Amino acid sequence: MATHTIIEQPSASPGLLDRQPQLVEPNDERPREPQPPAVPTAPAARRSLFADVMTRLDRAADIVRLDPNIRKILASTENEIVVNFPVKMNGCDVEVFTGYRVQHNDALGPFKGGLRFHPQLDIDEARALAAWMTFKCALVDIPFGGAKGGIQIDPAKYSPTQLERITRRFAYALGDNIGPDYDIPAPDVNTNPQIMAWILDTYLSTLPPHERQRHVHVVTGKPLAAGGSAGRDKATGQGVAFCVERWAQEHRRPLEEATFTVQGFGNVGSWAARLIAGLGARLIAVQDVTGGTRNRNGIDPEDLLRYVSVHGGVARYPGGEFVDDIMFMQTPADIFVPAALENQINATTAAWLNVSVVAEAANGPTTPEADDILKQRGIDVIPDILCNAGGVVVSYFEWLQNKRSEFWDLEEVDFKLRKKMNLAYDRVRDKARELSIDWRTAAYVLALSRLEKIYKERGIFP
Ligand code: GLU
């Protein structure tokens with residue numbers, strides 16, 4: 001096994017967190033020129049994301065009177081792996097990188113969750129994201145636990161060959177802390193099928209040749225030729241689109257007459273934009289780390305994607321006018337799809353939103369305080385652990401296909417994904433109605449009940 005530190009405990013896209021929202025009084029009616037993206041400054045002390053997850057857990061645990069012992073277990077992570085690994089960069093210079101893998105809980109099955117490459121990734125963020133995976137998998141009823149990790153790195157600063165070496169060295173450092181029936185990574189922010197293929201290849205290279213074929217499911221989100229699943233690339237965006245479609249049907253809001261805005265234009269944001277536009281809704285504003293673009297007559301997401309692939313961001317897209325953070329957030333629309341990083345909808349920005357529903361494609365885009373504001377303002381929230389679960393659901397399908405040496409076509413994957421998403425959506429809606437609670441708390445209630453059941457059945461060793 002590679003060198004690492006294990007701290008045992010009793011445990012789509014570049015986003016916007018790099019920039020603090022520009023704090024201009026939103027109710028100031030004076031006309032303002034759009035502001036260019038703020039120059040990144042030293043980040044202010046970050047709030048603990050894991051503490052926010054626990055706030056949510058506590059709210060739901062109080063409602064279901066969760067067994068205090070199980071609450072204690074879920075309030076901790078199971079394993080926290082921190083690896084500092086050296087990589088030779090240009091011939092002889094070595095850079096040392098820090099990688100994480102936090103394994104929150106495996107009561108329901110092997111640890112599961114993505115790896116992100118982001119300069120702000122730290123142990124607290126990895127803990128929060130790992131816990132969300134536990135609740136997400138429990139909610140959508142797939143036999144996985146929760147994990148998350150990645151490397152604290154800005155991948156834009158490295159060449160593809162450097163990134164390959166960094167990725168492979170990270171996979172090697174993780175060693176046996178991942179495994180096809182133990183902990184199964186997948187793509188997340190700034191990682192993709194190519195990166196999964198490198199991890200797969202590195203992992204398999206450490207096994208005897210006769211073992212390799214039956215370990216292909218050590219990662220999901222692989223390229224098709226390397227054992228990936230049809231539909232995995234768009235799966236998170238597809239799940240978001242299914243949720244939005246169901247919400248629109250239930251609220252009798254024909255999508256052909258609806259408008260939407262998307263924050264983040266990486267894998268998840270760009271797929272959600274294309275798929276929701278495909279249902280007839282009009283995309284009117286998009287924001288990413290470079291700034292925002294807006295056109296009330298509609299933005300063609302395919303065209304925007306082509307532009308972004310050449311220019312690296314949406315800010316100067318000729319099909320729209322440039323908008324700053326506040327103008328973007330204040331854009332009136334029916335649906336807002338946050339698909340960037342955490343905490344984008346906070347006590348300040350929640351007051352700016354002018355939409356009917358927030359479909360959370362990102363993990364943790366809304367702070368607990370913002371939840372209360374959205375509730376007061378009558379804005380519906382399709383919570384992250386439901387709305388963005390499509391990715392891990394199709395990861396589960398990929399894992400199953402690998403285990404059974406099967407290949408399902410796109411139609412089959414989409415059919416099964418829709419069924420899972422709709423079922424979870426309906427259960428969250430029904431629970432929210434039954435207990436007169438918000439959807440996020442309802443989603444946590446369902447997840448906690450499932451986890452409590454398994455602990456009650458199996459007991460706690462010894
Ligand atoms: N990174 C995705 C998520 O946050 C997918 C995880 C997976 O497929 O394991 O849900």
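Residues numbered from 1 in each chain as written. Predicted model: local features only at pLDDT ≥ 70, side-chain atom pairs only at ≥ 80, totals over all residues. Heavy atoms only, no water.

A. Representation of the packing of helix 7 (residues 235-250) against helix 13 (residues 390-404) within the structure. Where helix 7 meets helix 13, the axes come as close as 6 Å, and the angle between the chain directions of the two elements is 125 degrees. If you check the angle between helix 7 and helix 13, you find them oblique. For the pair helix 7 and helix 13, the sense of crossing is right-handed. For the pair helix 7 and helix 13, contact is made by Ala235, Thr236 and Gly239 and by Gly390, Gly391 and Val394, respectively. (Axes fitted to C-alpha atoms, helices over the stretch in contact; angles between N-to-C directions. Helix = DSSP H or I, 4+ residues; strand = E, 2+ residues; numbered from the N terminus. Parallel < 35°, antiparallel > 145°, perpendicular 65-115°, else oblique. Left-handed = near helix turned anticlockwise from the far one by under 90°. Contact = heavy atoms within 4.5 Å.)

B. Seen up close, helix 8 (residues 267-278). The end-to-end C-alpha distance of helix 8, which contains 12 residues, comes to 16 Å, matching closely the 16 Å that a straight helix rising 1.5 Å per residue would cover. Within helix 8, burial applies to Val268, Gly269, Ser270, Ala272, Ala273, Arg274 and Ile276. Here the buried face of helix 8 lies against helix 7, strand 7 (259-263), strand 8 (282-288), helix 9 (301-311) and strand 11 (335-338). After helix 8 finishes, the residue glycine 280 shows a positive phi value of roughly 110 degrees. (Expected span 1.5 Å × (residues − 1). Buried < 20%, exposed > 50% of the residue type's maximum accessible area, 1.4 Å probe, protein only.)

C. Representation of the site of the ligand within the structure. Neighbouring residues of the ligand: 14 residues in total, closest Lys112, Lys136, Lys148, Asp188 and Ser395. Here a nitrogen atom of the ligand and a side-chain polar atom of aspartate 188 are 2.7 Å apart. Relative to its unbound accessible area of 300 Å², the ligand is 95% covered by the protein chains. Elements that contribute at least two residues to the shell around the ligand include exactly strand 4 (111-117), helix 3 (123-139), strand 6 (183-187) and helix 13. Grouping the amino acids of the shell around the ligand by side-chain chemistry returns 4 nonpolar, 5 polar and 5 charged. (Near = heavy atom within 4 Å. Polar contact = N/O pair within 3.5 Å; in protein donor to acceptor, adjacent residues only side chain to side chain. Areas by Shrake-Rupley, 256 points an atom, 1.4 Å probe, with all protein chains shown as cover. Nonpolar A, V, L, I, M, F, W, Y, C, P; charged D, E, K, R; others polar.)

D. Highlighting the packing of aromatic side chains. Inspection of every chain in the model, using the stated rule, returns 13 aromatic pairs. Centroid distance phenylalanine 85 to phenylalanine 170: 5.7 Å. Interplanar angle 25 degrees. Geometry classified as stacked. Pair noted here: phenylalanine 85 is in strand 2 (residues 79-88) and phenylalanine 170 is in helix 4 (residues 160-174), with a separation of 85 residues, a long-range link. This pair shows no difference in class: phenylalanine 85 is buried, exactly as phenylalanine 170 is. With a centroid separation of 5.1 Å and 75 degrees between ring planes, the pair formed by tyrosine 425 and tryptophan 439 is classed as edge-to-face. Highlighted residues: tyrosine 425 in helix 14 (residues 410-435) and tryptophan 439 in helix 15 (residues 439-458), separated in sequence by 14 residues. Of the two residues examined, tyrosine 425 and tryptophan 439, each falls in the buried class. An aromatic cluster of three or more residues is present, and its members are Phe144, Tyr396, Phe397, Trp399 and Trp408. (Phe/Tyr/Trp six-rings, centres within 6.5 Å; stacked < 30°, edge-to-face > 60°.)

E. Spotlight on the sheet that holds strand 7. If you trace the 7 strands from one edge of the open sheet to the other, you get 10-9-8-7-11-12-13, paired in mixed fashion. In the strand order of this sheet, the two ends are held by strand 10 (321-323) and strand 13 (380-382), each with one partner. Mean inter-strand twist for the sheet, computed between neighbouring axes without regard to direction, equals 20 degrees. Bridging between strand 7 and strand 11 involves 4 bridges; their strand directions are parallel. Bridge pairing links glutamine 263 to proline 338 in strand 11. (Pairing = 2+ DSSP bridges.)

F. Region of interest: the nonpolar core. Formed by 89 residues in total, the largest nonpolar core has its most connected members in Phe135, Val240, Phe260, Ile276, Val337 and Ile382. Counting residues per element, this core draws most heavily on helix 15, at 11 residues. Setting aside its immediate chain neighbours within four residues, isoleucine 276 contacts Val240, Ala241, Val244, Phe260, Ala281 and Val337. In terms of nonpolar packing, the next biggest core, distinct from the first, is built from 28 residues, Phe97, Tyr158, Leu207 and Val219 among them. (Core = buried A, V, L, I, M, F, W, Y, C linked by side-chain atoms within 4.5 Å.)

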